[in-house]
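# Residue-level structure breakdown
Residue strings, one per chain:
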Amino acid sequence: MSSLTRIVPWSQQLACEVLAPGDLAVDLTAGKGRDTLALAHAVGPTGQVVALDLQAAALAQTAHLLESHGLTVNLWSSGLVLPRQPGIFLLQTCHGTISQHLQHPARVIMANLGYLPGGDQAVVTQTDSTLSALQQSLGLLVPGGRLVVTVYPGHPGGCEERAAVKGLLGDLPGDRWQVLSVHVANCSSEPELLIAERCL
């Protein structure tokens, strides 16, 4: 894959450029932990990162990656509301439950949809829970905050999920939101990056 079409580094750049030490950032789909790690570096030791994933294997890989970079990880019970305090908190739950666990405004919320790379490809994000997660996330963002979503059309249901996410973000009122779409114009099977920034 050409560096021009490598969406994940672009997503991390567009997320981290609005973060400062002490901010709260959320990774709705921890996966292998690469986005979580980028967010943790951006908010620093005084900031807070919350990472969710439905799969224990994903959280284990995320924890291993973070710990290999000298970071401390807190495993959090899915039945408890997260406190607003510095640290990295991993939570095994569906991304569609985010507002049940997080009640503090965030500067950045990321989602990398699809399946866990190298994992069970039958376990994928679902359109309904994804839309719920993103709607909740929009309500959690502070002014100037960004929702950064990478969508993959290559798995069963992926095209439907992409269309639903684009519909949700594309319908946001222009006086309150700016929405950017980055996609490979001549290859519809490549991932697409969508960013919504809250203006007010």
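Structure's up top.
Residues numbered from 1 in each chain as written. Predicted model: local features only at pLDDT ≥ 70, side-chain atom pairs only at ≥ 80, totals over all residues. Heavy atoms only, no water.

### Overview of the overall build of the chain
- When its secondary structure is counted, the chain shows six helices and eight strands.
- Since a compact globule built from 200 residues should have a radius of gyration of about 16 Å, the 16 Å found for the chain is in line with a globular shape.
- Looking at the 200 residues of the chain, the share that counts as buried comes to 50%.
- Residue pairs at least 24 apart in sequence account for 69% of intrachain contacts in the chain once pairs closer than 6 positions are excluded.
- Here the chain has roughly 9000 Å² of accessible surface; of this, 54% comes from carbon and sulfur atoms.
- Computed over 10 positive and 15 negative side-chain charges, the inter-centroid distance for the chain is 5 Å. (Helix = DSSP H or I, 4+ residues; strand = E, 2+ residues; numbered from the N terminus. Rg over C-alpha atoms; globule rule 2.2 N^0.38 Å. Buried < 20%, exposed > 50% of the residue type's maximum accessible area, 1.4 Å probe, protein only. Contact = heavy atoms within 4.5 Å. Areas by Shrake-Rupley, 256 points an atom, 1.4 Å probe, with all protein chains shown as cover. Lys, Arg positive; Asp, Glu negative; His and termini not counted. Charge placed at Lys NZ, Arg CZ, Asp CG, Glu CD.)

### Some remarks on the pattern of salt bridges
- All chains considered together, the criterion is met by four salt bridges.
- For Glu 17, the salt bridge identified is with Arg 146, shortest N-O distance 2.7 Å. With Glu 17 in the loop between α1 (7–16) and β1 (24–27) and Arg 146 in strand β6 (residues 141–151), the pair connects residues that are 129 residues apart, well separated along the chain.
- Overall, Glu 17 belongs to the partly exposed group, its relative accessible area being 46%.
- A residue is classified by how much of its surface remains accessible, and Arg 146, at 12% relative accessible area, is buried.
- A salt bridge links Glu 197 to Arg 146; the shortest N-O distance between them is 2.7 Å. Taken together, the residues Glu 197 in strand β8 (residues 192–198) and Arg 146 in strand β6 connect sequence positions 51 residues apart. (Salt bridge = Lys/Arg side-chain N within 4 Å of Asp/Glu carboxyl O.)

### Focus on the pairing of strand β2 (residues 48–53)
- Burial within β2 is extensive, with six of its six residues counted as buried.
- Residues of β2 alternate between two faces, with Gln 48, Val 50 and Leu 52 on one and Val 49, Ala 51 and Asp 53 on the opposite face, all of them buried.
- Sheet topology places β1 next to β2; four bridges connect them, and they run parallel. In the strand pairing of β2, Leu 24 is matched with Gln 48.
- Assessed by its sense of winding, the connection that carries the chain from β1 through helix α2 (residues 34–43) to β2 is right-handed. (Pairing = 2+ DSSP bridges. Right-handed = clockwise from strand over helix to strand, strands pointing away.)

### Regarding the environment of Lys 32
- Structurally, the position occupied by Lys 32 is in the loop between β1 and α2.
- Residue classification places Lys 32 among the partly exposed residues on the basis of a relative accessible area of 26%.
- A polar contact is formed between the side chain of Lys 32 and the side chain of Gln 61, at a distance of 2.9 Å. (Polar contact = N/O pair within 3.5 Å; in protein donor to acceptor, adjacent residues only side chain to side chain.)

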